[in-house]
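A look at the structure
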Amino acid sequence: MATIDLTVIPERRERALRRVKERNIIIPTFAQMKNPNLIPDSIKEELRNIGLWDVHPRNLFRITWKNEPKPFGGLFGGVNFIELPSSLTGVPARLIGLVGKWFPTGAHKVGAAFGCLVPRLVTGQFDPTTQKAVWPSTGNYCRGGAYDSALLACQSIAILPEGMSKERFEWLSKIAGEVIATPGSESNVKEIFDKCWELRRSGEDLMIFNQFEEFGNYLWHYEVTGHAMEEVLQQVMGPRDNYRGVALTTGSAGTIACGDYMKQIFPRSVIVASEALQCPTLLENGFGSHRIEGIGDKHVPWIHNVKNTDMVVAIDDNSVVNLLRLFNEPAGREYLVKKGVPAELVQQLDLFGFSGIANMLSAIKAAKYYEMGENDIMLFVMTDSMELYSSRIQEYREQFGEFTPFDAAEAFARDLHGETTDHLIELTYADRRRVHNLKYYTWVEQQGKTYEEILAQWYDPNYWTDIQKQVPEIDALITEFNERAGLL
């Protein structure tokens with residue numbers, strides 16, 4: 001079945017209802033995540049006394065791009081975003097990034113996890129009183145899943161590669177019921193999948209929410225991130241401006257679903273899919289390992305709508321590491337100010353994590369390739385912030401030495417303003433089909449999908465739109481669930 005299964009299992013749902021009533025858990029709708037003005041005033045009053053990262057069920061209502069940017073007691077405003085000046089990007093086009101730091105857990109993946117878990121919860125398919133929620137991930141998604149599980153009063157198992165930052169593991173050790181570190185780094189997704197199969201065969205009562213195949217991940221970003229991008233454009237576009245597209249690392253291919261939404265509004269816009277040059281799966285059917293934390297490779301996610309993707313670019317992970325230091329080391333920030341980057345913006349560059357920098361570089365590549373001018377707008381996402389990677393700075397100092405003004409000048413000239421249109425392909429129909437066909441080896445041969453399903457993704461004209469149309473039904477189920485719990 002292409003759509004998200006919303007079959008209600010009454011007896012299991014009754015147990016879930018008792019649990020949320022006991023714990024005073026109210027679940028937000030997609031409509032409320034898009035428009036927090038719809039959130040009841042009583043819940044907003046509670047949020048005034050709750051920290052952004054607190055393990056409190058009311059923080060479910062902070063799964064939105066519109067949180068007030070403060071760590072405690074914040075309410076809601078407009079979408080959090082930053083427009084980057086050409087003094088930083090080196091291109092005349094307007095590059096605008098949505099800021100992920102101001103989600104609970106410090107990353108927008110908490111929304112993707114919500115999109116996977118909640119439909120199963122409100123239908124009774126997932127029983128929080130008996131089952132554990134398993135979150136396979138390369139980092140932020142299992143953080144979001146463990147957090148959502150804690151807020152929804154169910155046990156969780158977080159799975160992520162052992163090479164991820166120590167901040168991730170330290171935080172998960174306090175939130176998740178169990179943390180499993182699999183061999184390798186961001187590129188070792190198969191090892192994560194293998195662990196999932198091991199857990200399935202263990203006989204333990206659990207449900208695996210695999211972000212790479214769960215359409216709840218796709219749907220949350222299509223609906224919530226897509227609408228957030230639309231609102232940003234409504235705020236910043238002038239009469240002569242043109243929205244040209246969105247550039248995003250594929251990772252689990254959840255976030256890039258926002259491009260499907262935007263392309264329905266702006267049919268001539270492009271969707272740019274990005275990956276690490278050291279692991280060029282989409283670009284060259286290749287493999288390898290890289291250091292852009294949070295994006296998985298060596299396969300094509302099941303939920304990637306490849307037929308709607310226009311360009312693939314590969315980003316050198318050395319450039320990402322160098323710019324991470326340029327944006328955060330004192331010598332780097334001083335150099336940026338000397339080069340004319342506004343000091344106020346320089347102080348906000350810690351809003352970029354690894355994948356946010358990769359997304360920015362992908363937007364720069366696209367802007368250069370398409371020769372965009374000052375009235376052209378490219379959007380991207382700053383998935384998380386340096387708050388999740390502070391230990392990496394010290395590691396790089398130990399590995400590469402102190403970051404000097406000469407290093408800053410080199411990184412600025414080579415890795416930022418010197419970004420090229422190498423390692424890029426504008427996809428033809430045949431190119432898209434070639435990338436889509438890569439799904440076969442992972443999903444049909446290894447993960448249990450059928451030959452008919454992979455054909456349907458490519459040839460069924462209603463495959464993706466049928467999923468996109470499910471939001472009203474999910475919201476109706478959430479509303480009914482809350483009413484049955486008697487907490488509204």
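What comes next is a walk through the structure. (Residues numbered from 1 in each chain as written. Predicted model: local features only at pLDDT ≥ 70, side-chain atom pairs only at ≥ 80, totals over all residues. Heavy atoms only, no water.)

Strands sit in the order 5-4-3-6 across an open sheet of four strands; the sheet is parallel. Unpaired on one side and paired on the other, strand 5 (178-182) and strand 6 (206-208) mark the two borders of the sheet. Taken pair by pair, the neighbouring strands of this sheet meet at an average axis angle of 20°, ignoring direction. Direction of pairing for strand 4 (residues 155-161) relative to strand 5: parallel, over a ladder of five bridges. Note on strand 5: the bridge partner recorded for Ile159 is Ile180. (Pairing = 2+ DSSP bridges. Helix = DSSP H or I, 4+ residues; strand = E, 2+ residues; numbered from the N terminus. Axes fitted to C-alpha atoms, helices over the stretch in contact; angles between N-to-C directions.)

What follows is about helix 1 (residues 10-23). Here helix 1 is 14 residues long and its end C-alpha atoms lie 20 Å apart, about the 20 Å a rise of 1.5 Å per residue gives. When we look at burial in helix 1, the residues that qualify are Arg13, Ala16, Leu17, Arg19 and Val20. Down the axis of helix 1, the buried set is contained in an arc of 165°. They therefore lie on one face. Looking at helix 1, the residues exposed on the side facing more than 90 degrees away from the buried face are Lys21 and Glu22. As for helix 1, its buried residues are in contact with helix 5 (109-123) and helix 22 (471-485). A positive phi of about 55° marks Asn24, the residue just after helix 1. (Expected span 1.5 Å × (residues − 1). Buried < 20%, exposed > 50% of the residue type's maximum accessible area, 1.4 Å probe, protein only. Arc of directions from axis to C-beta. Contact = heavy atoms within 4.5 Å.)

By the secondary structure assignment, Val122 is in helix 5. Look at Val122 and you get buried, because its relative accessible area is 0%. For the pair Val122 and Ile9, spaced 113 residues apart in sequence, the C-alpha separation works out to 9.4 Å. Residues contacting Val122, with those up to four places away along its chain left out, are Arg13, Ile27, Leu477, Ile478 and Phe481.

This next bit is on the sheet that holds strand 1 (residues 81-84). The seven strands lie next to each other as 1-2-10-7-8-9-11, forming an open sheet whose pairing is mixed. Every interior strand has two partners, whereas the edge strands, strand 1 and strand 11 (424-426), have only one. On average, each strand axis in the sheet is inclined to that of its neighbour by 25°, with strand direction left out of account. Note: strand 7 (residues 242-249) against strand 10 (residues 376-382), four bridges, orientation parallel. Bridge pairing in strand 10 places Tyr243 opposite Ile377. Strand contacts of helix 10 (residues 257-265): strand 7, strand 8 (270-276) and strand 10, with the helix running at about 165° to strand 7, the strand carrying the most contacts.

The two faces of a sheet get side chains in turn, since along a regular strand they alternate between them. With six of its seven residues buried, strand 4 lies for the most part within the structure. By the bridge criterion, five bridges tie strand 3 (residues 132-136) to strand 4 in an arrangement that is parallel. Paired with Ala133 across the bridge in strand 4 is Ser156. Crossover strand 3 to strand 4 through helix 6 (residues 140-151) is right-handed. As a crossover connection, the stretch from strand 4 through helix 7 (residues 166-175) into strand 5 is right-handed. (Right-handed = clockwise from strand over helix to strand, strands pointing away.)

The next point concerns the side chain of His227. The topology assignment puts His227 in helix 9 (residues 215-236). A polar atom in the side chain of His227 sits 2.5 Å from the backbone oxygen of Glu223. If we ignore the near neighbours within four places in the chain, the residues touching His227 are Lys34, Tyr222 and Tyr261. (Polar contact = N/O pair within 3.5 Å; in protein donor to acceptor, adjacent residues only side chain to side chain.)

Attention now moves to helix 17 (residues 405-416). What sets the pattern is the α-helix's 3.6 residues per turn: residues three or four places apart point alike. Here helix 17 is twelve residues long and its end C-alpha atoms lie 15 Å apart, about the 16 Å a rise of 1.5 Å per residue gives. When we look at burial in helix 17, the residues that qualify are Ala408, Ala411, Phe412, Asp415 and Leu416. Seen along its axis, helix 17 keeps its buried residues to an arc of 115°; they face one direction. Where helix 17 is buried, its residues contact helix 4 (86-89), helix 12 (317-328), helix 13 (330-338) and helix 15 (354-369).

Applying the stated criterion across every chain yields a total of 26 aromatic pairs. An angle of 65° between the planes, with centres 6.4 Å apart, marks the rings of Phe30 and Phe114 as edge-to-face. Linking Phe30 in helix 2 (residues 30-34) with Phe114 in helix 5, this pair joins segments that are 84 residues apart in sequence. Each member of the pair Phe30 and Phe114 is classed as buried. Relative to Phe209, the ring of Phe126 lies with its centre 5.7 Å away and its plane at 70°, an arrangement referred to as edge-to-face. Taken together, the residues span a long stretch of sequence, with Phe126 in the loop between helix 5 and strand 3 and Phe209 in the loop between strand 6 and helix 9 at a distance of 83 residues. With respect to burial, Phe126 and Phe209 carry one shared label: buried. Three or more aromatic residues joined by ring pairs make a cluster, and in this case those are Phe215, Tyr218, Tyr222, Tyr261, Tyr463 and Trp464. The cationic tip of Arg143 hangs over the ring face of Trp171; the distance from NZ or CZ to the ring centre is 4.5 Å. Over the aromatic face of Trp302 sits the side chain of Lys439, whose NZ or CZ is 5.8 Å from the ring centroid. (Phe/Tyr/Trp six-rings, centres within 6.5 Å; stacked < 30°, edge-to-face > 60°. Lys NZ or Arg CZ within 6 Å of the ring centre and 35° of its normal.)

To continue, consider the packing of helix 12 against helix 17. The N-to-C vectors of helix 12 and helix 17 enclose an angle of 135°; their axes lie 9 Å apart at closest approach. Put simply, helix 12 runs oblique to helix 17. The handedness of the crossing between helix 12 and helix 17 is left-handed. Contacts from Ser319, Asn322, Leu323, Leu326 and Phe327 of helix 12 reach helix 17 at Ala408, Ala411, Phe412, Arg414, Asp415 and Leu416. Of the residues contributing to the contact of helix 12 with helix 17, the split by class is seven nonpolar, two polar and two charged. (Parallel < 35°, antiparallel > 145°, perpendicular 65-115°, else oblique. Left-handed = near helix turned anticlockwise from the far one by under 90°. Nonpolar A, V, L, I, M, F, W, Y, C, P; charged D, E, K, R; others polar.)

Locating Lys34 in the fold gives a position in helix 2. Separated by 353 residues in the primary sequence, Lys34 and Glu387 have C-alpha atoms spaced 25 Å apart. Only 2.5 Å separates the side chain of Lys34 from the side chain of Glu223, close enough to count as a polar contact.

Next up on the list: the nonpolar core. Ile27, Trp65, Phe114, Phe209, Phe215, Trp220 and Leu379 are the most contacted members of the largest nonpolar core, which totals 97 residues. Among the elements that make up this core, the one with the highest residue count is helix 9 (eleven residues). Aside from chain neighbours lying at most four places away, what touches Leu379 is Ile96, Met229, Val232, Leu233, Tyr243, Gly245, Val246, Ala247 and Met262. (Core = buried A, V, L, I, M, F, W, Y, C linked by side-chain atoms within 4.5 Å.)

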